[in-house]
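Summary of structural features
Letter by letter, the chains look like this.
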Amino acid sequence: MACATDWIPVMQNNLLHAEGLTIRSDDALLVDNIRFSVGRERVALVGESGSGKSLTARSLMGLLSPALHLQASQLQVAGENALTLSERHWNQLRGNRVAMVMQDPKYALNPTRTIGWQVEEPLILHRRLSRAERKEKVCEMLDAVGLPDPRRLMQQYPHQLSGGMGQRVMLAMALITDPDFLIADEPTSALDHAMRDQVLALIRGLVEARNMGLLLISHDLQQVSEHCERVMVMYKGRLLDTLPAADLPHATHPYTRTLWACRPGKATHGQTLPVLDRAALEANDD
């Protein structure tokens, strides 16, 4: 079956490029020979739980478990050949040119360190600034992500923050070194619906203002359609579809169309949601 993944935009300055990206465990194929490129744009990677989204994102940060095996004919991250990077070079790249925001600040933030220490740490690792300059930049970054009274907040600990404030702190940590690219892995999954919209709008605004690339991992196609420019759709480790986010309501691929139709909302309350014929989908996609 013809598939929209055959269309990949040709860009002069791709920040991410993967050819034949495959991830295996000892007994399973988890990501199956996918190909994609991302430049200074906002791209979403969507699909069901277990489709391989987070594994793909972690492979772009050099954070796969040692129990997993990665293969690719090409894997370029911020101009570097990720297939040959040593751990020392990965440490130079992560948090500097490419940054990642994890799902839940409750687990991602260090409970024994102050907020100021944790946001300052990337500057200590990647920038040559005086202590006073680092403190000032931390204060400016906390203010930029919409946190009140940054100087007081710098002395607090993660347990003293709400979930939404913790997520903003993690965003400040990711952006404080002015990276070229941000990977956000379900950054709003632990937040209520109103706070999700606020955090995603904040991410979008900061990414646009800094001319960065964004890869957003998400289940929420409605939010993806509002905040991203392009969407890549994964299913069982394969990249089935790629399309402009604005075209999601008119998607032609049966899997993408079904995902869009299953969005919760007042219009569908009480109605039976569509069920995908998975056997037919896999037979046709083969």
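Note: the structure precedes this text.
Residues numbered from 1 in each chain as written. Predicted model: local features only at pLDDT ≥ 70, side-chain atom pairs only at ≥ 80, totals over all residues. Heavy atoms only, no water.

With that settled, the discussion passes to the packing of aromatic side chains. Counted under the stated rule, the structure contains one aromatic pair. Between Tyr235 and Tyr255, the aromatic rings sit 4.8 Å apart at their centres with planes inclined by 55°, giving tilted as the arrangement. Remark: Tyr255 occurs in helix H10 (residues 254-261) and Tyr235 occurs in strand S10 (residues 230-235); sequence separation between them is 20 residues. On the basis of relative accessible area, Tyr255 is assigned to the buried category, the value being 2%. (Phe/Tyr/Trp six-rings, centres within 6.5 Å; stacked < 30°, edge-to-face > 60°. Helix = DSSP H or I, 4+ residues; strand = E, 2+ residues; numbered from the N terminus. Buried < 20%, exposed > 50% of the residue type's maximum accessible area, 1.4 Å probe, protein only.)

Residue position: Trp260 is located in helix H10. When the C-alpha atoms of Trp260 and Leu248 are compared, they prove to be 6.9 Å apart, with twelve residues separating the residues in sequence. Residue contacts for Trp260: discarding those within four places in its chain leaves Leu221, Gln222, Ser225, Leu248 and Pro249. (Contact = heavy atoms within 4.5 Å.)

With respect to the helices and strands, Arg94 occurs in the loop between helix H2 (87-93) and strand S7 (98-101). You can call Arg94 buried: its relative accessible area is 13%. Reaching out from Arg94, the side chain makes a polar contact with the side chain of Glu87 at a distance of 2.7 Å. Each residue touching Arg94, except ones within four places of it in the same chain, is listed here: Met61, Gly62, Leu63, Glu87 and His126. (Polar contact = N/O pair within 3.5 Å; in protein donor to acceptor, adjacent residues only side chain to side chain.)

Attention now moves to the pattern of salt bridges. For the coordinates displayed, the defined rule picks out 14 salt bridges. In this structure, the salt-bridge partner of Arg210 is Asp178, at a minimum N-O distance of 2.6 Å. In this pair, Arg210 sits in the loop between helix H8 (193-209) and strand S9 (213-218) while Asp178 sits in the loop between helix H7 (163-175) and strand S8 (181-185), placing the two residues 32 residues apart along the sequence. In this structure Asp178 comes out as partly exposed when scored by relative accessible area, which is 43%. Salt bridges here are not isolated pairs; linked through shared partners, they connect Arg42, Arg204, Glu208 and Glu229. (Salt bridge = Lys/Arg side-chain N within 4 Å of Asp/Glu carboxyl O.)

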